[in-house]
Amino acid sequence: MKFIARLEKSKDFWFLLMTSFIFFLLRLPSLFEPYWYGDEGIYEVLGSAIRHGRILYSGIWDNKPPLLYITYALFNGDQFYVRIASLVFGIFAVIAFFFLAKKLFGHEKRETVLWITSIFAFMLGLPLLEGNIANAENFMLVPIILSALLLFRDRLNSKIYFSAGIVLGLAFLFKIVAIFDFLAFCTFIFIVNTEIHGKKINLDKMAKQALNLLAPFAVGFLAPILVTGLFFLGPSFKYFLQATFTQNVGYVGYGNKFIIPQGFLILKLLLLAGFNIYLFLKKTKFTKTSLFILTWLSFSLFNAFFSQRPYTHYLLVLLPALTLMIGLTVLEKKYKIQAAILLALTVLLVFINFNFYRKTPLYYQNFVTFITGVKSVREYRAFFDKKTPIDYEIAEYIKSKAKSSDQIFIWGNNAQVYKLTNKLPPGRYAVAYHITGYSEGFKNTRDAIQKSNPKFIIIMPKQPTFPFSLNGYLNAVTIENVTIYERAI
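Notes on the structure follow. All values derive from a computational prediction rather than experimental measurement.

Here the focus is the overall build of the protein chain. Looking only at helices and strands, one finds 21 helices and four strands in the protein chain. For the protein chain, whose C-alpha radius of gyration is 25 Å, the value lies close to the compact-globule estimate of 23 Å for 489 residues. Based on the C-alpha atoms only, the size of the protein chain along its principal axes is roughly 85 × 55 × 50 Å. By residue count, 53% of the 489 residues in the protein chain fall in the buried class. A fraction of 70% describes how many contacts in the protein chain between residues 6 or more apart in sequence connect residues 24 or more apart. A total of about 23,500 Å² of accessible surface is found on the protein chain, and carbon and sulfur atoms cover 65% of it. Distance between charge centroids for the protein chain: 7 Å, based on 51 positive and 27 negative side chains.

Now for the packing of helix H5 (residues 79–105) against helix H14 (residues 319–331). H14 packs onto H5 with a crossing angle of 35° between their chain directions and a minimal axis gap of 11 Å. Here H5 runs over H14; the crossing is right-handed. Contacts between H5 and H14 involve Phe97, Leu100, Ala101, Leu104 and Phe105 from the former and Pro320, Thr323, Leu324, Gly327, Leu328 and Leu331 from the latter. Classifying every residue of the contact of H5 with H14 gives nine nonpolar, two polar and no charged.

All right, on to the packing of helix H16 (residues 360–371) against helix H17 (residues 377–384) then. Angle between the axes and distance between the axes: these two values describe a pair of packed helices. Between H16 and H17, the shortest axis-to-axis distance is 10 Å and the interhelical angle comes to 165°. Put simply, H16 runs roughly antiparallel to H17. For H16 against H17, the interelement crossing comes out left-handed. Seen from H16, the contacting residues are Leu362, Tyr363, Asn366, Phe367 and Phe370; seen from H17, they are Val377, Glu379, Tyr380, Phe383 and Phe384. Split into classes, the residues belonging to the contact of H16 with H17 amount to eight nonpolar, one polar and one charged.

Turning to the side chain of Lys455, a few remarks are in order. Among the secondary structure elements, Lys455 is positioned in the loop between helix H21 (441–452) and strand E2 (456–459). A distance of 3.4 Å separates the side chain of Lys455 from the side chain of Glu486, its partner in a polar contact. Look past the residues within four positions of Lys455 in its chain and what remains in contact with it is Asp406, Gln407, Tyr473, Tyr485, Glu486 and Arg487.

With the rule as written, the count across this model stands at 52 aromatic pairs. Geometrically, the ring pair formed by Phe97 and Phe120 is stacked, given 4.3 Å between the ring centres and 5° between the ring planes. With Phe97 in helix H5 and Phe120 in helix H6 (residues 110–125), this residue pair connects regions lying 23 residues apart in the sequence. On the accessibility criterion, Phe120 (0% relative accessible area) is buried. For the ring pair Phe231 and Phe232, a centre distance of 5.2 Å and an interplane angle of 90° mean the geometry is edge-to-face. What makes Phe232 buried here is its relative accessible area of 7%. Ring pairing ties together the aromatic residues Trp36, Tyr37, Tyr357, Tyr363, Tyr364, Phe370, Tyr380, Phe383 and Phe384, which thus form one cluster. Taking NZ or CZ as reference, Lys359 lies 4.3 Å from the ring centre of Phe383, over its face. Cation over ring: Arg428 sits above Tyr239, and NZ or CZ is 4.5 Å from the ring centre.

So, on to the nonpolar core. Membership of the largest hydrophobic core comes to 139 residues, with the highest contact counts inside it found for Phe217, Trp296 and Leu324. Per-element tally for this core: the top contributor is H5, with 13 residues. Ignoring any residue separated from it by four or fewer positions in sequence, one finds Trp296 in contact with Leu100, Ile144, Ala148, Asp181, Ala184, Phe185, Pro320, Ala321 and Leu324. Of all hydrophobic cores here, the second largest spans twelve residues; its members include Leu26, Trp36, Leu126 and Phe367.

Here we come to the pairing of E2. Side chains Phe456 and Ile458 of E2 all project onto a buried face; the interleaved residues Ile457 and Ile459 project onto the opposite face, where all are buried too. Pairing between strand E1 (residues 408–411) and E2: four bridges, direction parallel. Bridging across to E2, Ile408 finds its partner in Phe456.

Before going further, it helps to examine the environment of Ile326. Here Ile326 lies in helix H14. Expressed as a C-alpha distance, the spacing of Ile326 and Thr112, which sit 214 residues apart in the sequence, is 9.3 Å. When neighbours within four sequence positions are excluded, Ile326 is seen to be in contact with Ile116 and Leu343.

Quick look at the sheet that holds E2 now. Read from one edge of the open sheet, four strands run E1-E2-E4-E3, paired in mixed fashion. The open sheet has two edge strands, E1 and strand E3 (473–479), and neither has a second partner. The sheet shows a mean angle of 20° between the axes of neighbouring strands, taken without regard to direction. Sheet topology note: the E2/strand E4 (residues 482–487) ladder contains four bridges and is antiparallel. Bridging across to E4, Ile458 finds its partner in Ile484.

Criteria and thresholds
- Residues numbered from 1 in each chain as written.
- Predicted model: local features only at pLDDT ≥ 70, side-chain atom pairs only at ≥ 80, totals over all residues.
- Heavy atoms only, no water.
- Helix = DSSP H or I, 4+ residues; strand = E, 2+ residues; numbered from the N terminus.
- Rg over C-alpha atoms; globule rule 2.2 N^0.38 Å.
- Buried < 20%, exposed > 50% of the residue type's maximum accessible area, 1.4 Å probe, protein only.
- Contact = heavy atoms within 4.5 Å.
- Areas by Shrake-Rupley, 256 points an atom, 1.4 Å probe, with all protein chains shown as cover.
- Lys, Arg positive; Asp, Glu negative; His and termini not counted.
- Charge placed at Lys NZ, Arg CZ, Asp CG, Glu CD.
- Axes fitted to C-alpha atoms, helices over the stretch in contact; angles between N-to-C directions.
- Left-handed = near helix turned anticlockwise from the far one by under 90°.
- Nonpolar A, V, L, I, M, F, W, Y, C, P; charged D, E, K, R; others polar.
- Parallel < 35°, antiparallel > 145°, perpendicular 65-115°, else oblique.
- Polar contact = N/O pair within 3.5 Å; in protein donor to acceptor, adjacent residues only side chain to side chain.
- Phe/Tyr/Trp six-rings, centres within 6.5 Å; stacked < 30°, edge-to-face > 60°.
- Lys NZ or Arg CZ within 6 Å of the ring centre and 35° of its normal.
- Core = buried A, V, L, I, M, F, W, Y, C linked by side-chain atoms within 4.5 Å.
- Pairing = 2+ DSSP bridges.

Here it is as structure tokens:
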């Protein structure tokens, strides 16, 4: 009872309660979105496939670490429940961010802490950065912020470093870009715990200090990754390595060509290294808080631009450090102009290079007009993507004609149709661009089609020519340029 009484008197408690409620309202429409987002469709298929006994990677494929798919599997790929989980993770991220901001700026700067926490919650709750979509970034923010909260303490020991590493390792298992948060925190630990005497740098002493401090953090970070790797030992191990590590090399190379392959990436690495070397050499001019935020911001910015692709949800990993930078700019006294310029350049880079969800105000209008009966279901679904009502028509047709034991195959990138029909792809790959993008994609899919003999083959428009035989199939129906073939026998 005393604990409850203290909570009732706590201003922080009421602030977090109100902020969490507003965050909930901002995310509420996301729970009722139709199945429309392509990446989520893949995750839903993988989640359902895992629940039905398929082995991740070798039996059903996508190119990310396993925790996102395991999360979807917990809810059998059901979008409503996964979105609820994403909403809950978002609330925990807001709470963790609040305590991190308090730790960084101190109790005496409470007003600034409240403002930047509100900004963080608002930006994370809106669909502006695709916070409404249950992507990996929404789930990994909590462990990243918790790791930062553990590390920014006055008294640290090996157990705390180890714990912070484990938490961050879990973020990596959602998406590998958490490696940049790991490197940011390693750099911060190194900068604040090494001493430079005049112009002479004792490299041996620095190496020993770094090893003593960073070893438990690194071991903790690697521990959940190694345990996961051991779980996949066997036929699935090469696919696990491909999905978690090697697949991302080609992905990153696609957008980073500049004069030479990976030229842009090399340039970004040089800028990142130069900035952090400057922080190291001038560290006496900065507070510990400033060093933490500036280091984290530089790596988070590199993270967002890593693949050189303008996908909006990449900005979610930049949001914590960028929001803290706003607070630092407000509170900075000695270098306020420099901080403001750095913040402005960061925001400008983001606006120039990334696409934002421009229909954000209309997103809420669409929800209100739907729940009040002004909009029809079809109009509501079409708001998200004009192809979404067609996906639902296809699903209704298949469900009316197919038995529970019948299988289907979709030649297209609408994996969500599998979920809408409660079916699974016959082979390892759920979408056409995976089938065409992997050397064994055609063979695996052809063999799976021959073995499963699907009742329906659905060919989506604007796809490469269907590469498999349609012998024994008849053109059953065409729905908005989508051709559905039915097995004759």
